[in-house]
Amino acid sequence: MAECIESSGLTARQVAVRAGVSASTVHRILNGQVSPSVATLHNITAACGLDLAMSTPVLSSAEAAAAARAILDENYPAEVAPDIELWATRLEAWAENDPVQIIEEAARASGVLHRADAVLLAGETTAGRLASAGEASGKQWALSGAAGLDLPAFDEAVARISVLWCEDPNAVLPHVVGGSLRQTSSAHRASVVVAAADPDLFRGTFERDRIRYAAPIQIALDAISVGGDAAARAREEIRTW
């Protein structure tokens with residue numbers, strides 16, 4: 001809101017007059033002391049010479065997945081950020097404290113395919129190639145999603161859709177893109193997702209055949225999040241926990 005007023009060339013008081021609201025209302029909005037209605041926001045942005053646009057993108061909240069792990073995973077920190085606490089409250093209410101349903105709700109809300117920083121790759125690749133790319137980055141990484149369900153050997157192909165979590169995707173991508181694996185903008189064509197992760201996501205990882213995998217709960221979250229066959233298999237698996 002402050003940027004809108006600044007770009008208008010008007011003072012906050014002038015914007016308030018044009019918008020038909022009090023100067024104190026604009027002041028409280030600017031200082032985060034009140035949550036304005038959509039109508040009020042529309043009047044203020046119009047007064048600034050701007051249009052108010054609202055959208056409803058697919059949920060892709062990393063905090064939702066983190067909240068599920070905070071609730072269910074003993075490897076996750078007991079103290080978490082306020083936005084993760086908020087998601088934990090939502091999940092417990094939506095799922096009525098059912099662990100399986102908590103994973104379902106968190107997976108639906110975490111939307112790894114729709115993350116702004118996610119890179120979608122189409123084509124075939126092996127677990128070893130993804131692992132080598134992760135190692136080459138010099139930072140933390142872990143495979144998840146379909147690969148985490150299958151635990152393929154180093155030279156075996158990964159099933160779709162597998163997720164390569166890493167601290168720095170820019171350091172990973174040069175080592176994985178090329179040959180039969182190309183970037184795509186279509187989630188329907190993706191076989192691998194490369195996405196950035198906070199350090200806490202790597203808690204509880206384990207290794208098999210030189211490949212590092214995310215914690216089982218994270219694998220289930222990601223497999224359900226990407227949908228398709230991976231989601232169906234993950235649902236079967238978590239019902240046995």
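Residues numbered from 1 in each chain as written. Predicted model: local features only at pLDDT ≥ 70, side-chain atom pairs only at ≥ 80, totals over all residues. Heavy atoms only, no water.

Thoughts on the overall build of the chain
Looking only at helices and strands, the chain has 12 helices and 7 strands in total. C-alpha extents for the chain along the principal axes are approximately 70 × 45 × 30 Å. Expressed as a percentage of the 241 residues in the chain, the buried residues total 44%. Counting contacts in the chain only where the partners sit at least 6 residues apart, residues at least 24 apart contribute 71% of the total. Both charge centroids of the chain, one from 19 positive and one from 30 negative side chains, sit 6 Å from each other. (Helix = DSSP H or I, 4+ residues; strand = E, 2+ residues; numbered from the N terminus. Buried < 20%, exposed > 50% of the residue type's maximum accessible area, 1.4 Å probe, protein only. Contact = heavy atoms within 4.5 Å. Lys, Arg positive; Asp, Glu negative; His and termini not counted. Charge placed at Lys NZ, Arg CZ, Asp CG, Glu CD.)

Thoughts on the UniProt feature "domain: HTH cro/C1-type" (unreviewed entry) in the chain
With numbering aligned to this structure, UniProt lists the feature "domain: HTH cro/C1-type" (unreviewed entry) at residues 1-55. When the span residues 1-55 is considered, its composition is 60% helix and 0% strand, and the gap between its end C-alpha atoms is 17 Å. (UniProt positions renumbered as here; feature names shortened; annotations may be inferred.)

What about helix α10 (residues 169-176)?
If you check which residues of α10 are buried, you get Pro169, Val172, Leu173 and Val176. All buried residues of α10 project into a common sector of 105° when viewed along the axis, lining one side. Exposed side chains of α10 directed beyond 90 degrees from the buried face belong to Asn170 and Pro174. Of the surrounding secondary structure, the elements contacted by the buried residues of α10 are β1 (119-122), α8 (127-136), β3 (162-166) and β5 (192-196). At the C-terminal side of α10, Gly178 shows a positive phi close to 135°. (Arc of directions from axis to C-beta.)

A closer look at the side chain of Glu105
For Glu105, the position within the fold is in helix α7 (residues 99-110). Ignoring any residue separated from it by four or fewer positions in sequence, one finds Glu105 in contact with Leu91, Trp94 and Ala95.

As for the pairing of strand β2 (residues 141-145)
Regular strands show a simple pattern: their side chains alternate between the two faces of the sheet. In terms of burial, β2 is a largely internal element, 5 of the 5 residues being buried. Note: β2 against β3, 5 bridges, orientation antiparallel. Bridge pairing links Ser144 to Val163 in β3. (Pairing = 2+ DSSP bridges.)

Some thoughts on unusual backbone geometry
With the exception of glycine, most residues fall at negative phi, and the peptide bonds are largely trans. Cis rather than trans, the peptide bond between Arg160 and Ile161 has omega equal to 0°. Locating Ile161 in the fold gives a position in the loop between α9 (146-150) and β3. The backbone of Asn97 shows a phi angle near 65°, a positive value even though the residue is not glycine. By the secondary structure assignment, Asn97 is in the loop between α6 (82-95) and α7. A positive phi angle, near 50°, is found at Leu151, a position not held by glycine.

Describing the environment of Asp150
Relative to the elements of secondary structure, Asp150 occurs in helix α9. Looking at Asp150, the relative accessible area reads 36%, which means it is partly exposed. Spatially, the C-alpha atom of Asp150 lies 9.8 Å from that of Arg233, the residues being 83 residues apart in sequence. Polar side-chain contacts of Asp150 include one of 2.4 Å to the side chain of Arg233. (Polar contact = N/O pair within 3.5 Å; in protein donor to acceptor, adjacent residues only side chain to side chain.)

Examining the packing of helix α5 (residues 62-72) against α7
Each pair of packed helices can be described by the angle between their axes along with the distance between the axes. At their nearest, the axes of α5 and α7 sit 8 Å apart, and the two run at 160° to each other. In terms of orientation, α5 and α7 fall into the roughly antiparallel class. Between α5 and α7 lies a crossing of left-handed hand. Listed contacts from α7 to Ala64, Ala65, Ala68, Ile71 and Leu72 of α5 are Pro99, Ile102, Ile103, Ala106, Ala109 and Ser110. Considering only residue class, the contact of α5 with α7 consists of 10 nonpolar, 1 polar and no charged. (Axes fitted to C-alpha atoms, helices over the stretch in contact; angles between N-to-C directions. Parallel < 35°, antiparallel > 145°, perpendicular 65-115°, else oblique. Left-handed = near helix turned anticlockwise from the far one by under 90°. Nonpolar A, V, L, I, M, F, W, Y, C, P; charged D, E, K, R; others polar.)

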